[in-house]
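What the coordinates show
Here are the chains, one letter per residue:
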Amino acid sequence: MGRIAEWGALTAPEIAALDRARAIALLPIGAVEQHGPHLGTGTDADLAGAVVARAIALIDPNLTVLALPVLPYGKSTEHEAVAGTLSLSAATLLAVLDDIGASLARAGIGKLMILNGHGGNRAVLEIACRDLRARHGLVTAHCMWDELVDAAAIVGAPEAARGLHGGDVETSAMLAAFPGRVRMEHARDFASAHEGWTAGNGRLGLGRPVVPGWLIGDLTRAGAVGNAAAATAGKGEALLDGAARGLAEALAEFDRFAHGARE
């Protein structure tokens, strides 16, 4: 029989009694950064934590999954020029993740999955997961919460593609999970300069083979991109529930996954 629990709710003897070699530590990570005039700075951490909270009841009870406390800070270089952003450097975030991974390895935990709520963390998590595998022997993986659900079926394909930051997806999810942290009176359809980058360019642009480095000021002065005005709590419930189901399924797959070359 497995155990699904929050790490912080268990005692040390309870953790020691688990089948730790098979256990999966689940780390939600977000960011503290500006999200335009309508969403709080903790949006990314809030939503990663909300998906984990909903997934706990859906995870196969035969698994051993321990949800770690949300790591609220991330790498938010692209938002540093805007008030409200609290960002870690790549080096600091890598060091924090390495320390967490080392602690898990000392505790005998065999696997770590990181649930990401902030796109700017992606590159760091790619490096971190590989380094944790090499340095501590952990089996690792990372994923974005909003890629575990078919967001295009809920908000439409155009918005799912263009709503990079504070658009319909994030605003709807926050209306469902934390409605008191949404200022819908300030929500609107936030345009972005990146929508014109592909004009006359066959390869350059976001989602294209040649991706330019960008800061939020290169895209918009509003601090958000996407149609936040179209957000509803109903769409948010569908997004979060779908992501929670996707996470539960991903954890079952990860439980069966094992590294090891075969001849």
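One can find the structure itself at the top, above this paragraph.
Described below are features of the structure shown in this document. (Residues numbered from 1 in each chain as written. Predicted model: local features only at pLDDT ≥ 70, side-chain atom pairs only at ≥ 80, totals over all residues. Heavy atoms only, no water.)

Turning to the overall build of the protein, a few remarks are in order. Broken down by element type, the protein carries nine helices and seven strands. A compact globule built from 263 residues would reach a C-alpha radius of gyration of about 18 Å, and the protein, at 19 Å, matches this within 12%. Viewed in the frame of its principal axes, the protein has a C-alpha envelope of about 55 × 35 × 35 Å. The buried share among the 263 residues of the protein stands at 46%. Of all intrachain contacts in the protein linking residues separated by at least 6 positions in sequence, the fraction that spans at least 24 positions is 79%. By element, 54% of the accessible surface of the protein is carried by carbon and sulfur atoms, the whole surface being about 12,100 Å². Distance between charge centroids for the protein: 3 Å, based on 22 positive and 29 negative side chains. (Helix = DSSP H or I, 4+ residues; strand = E, 2+ residues; numbered from the N terminus. Rg over C-alpha atoms; globule rule 2.2 N^0.38 Å. Buried < 20%, exposed > 50% of the residue type's maximum accessible area, 1.4 Å probe, protein only. Contact = heavy atoms within 4.5 Å. Areas by Shrake-Rupley, 256 points an atom, 1.4 Å probe, with all protein chains shown as cover. Lys, Arg positive; Asp, Glu negative; His and termini not counted. Charge placed at Lys NZ, Arg CZ, Asp CG, Glu CD.)

Right, let's get into the packing of aromatic side chains. Overall, the coordinates contain one aromatic pair when judged by the stated rule. With a centroid separation of 6.4 Å and an interplanar angle of 15°, the aromatic rings of Phe254 and Phe257 are classed as stacked. Residue Phe254 is classed as buried on the basis of its relative accessible area, which comes to 5%. We classify Phe257 as partly exposed; its relative accessible area is 37%. The residue whose ring lies beneath Lys111 is Phe254, and the NZ or CZ to ring-centre distance is 5.2 Å. (Phe/Tyr/Trp six-rings, centres within 6.5 Å; stacked < 30°, edge-to-face > 60°. Lys NZ or Arg CZ within 6 Å of the ring centre and 35° of its normal.)

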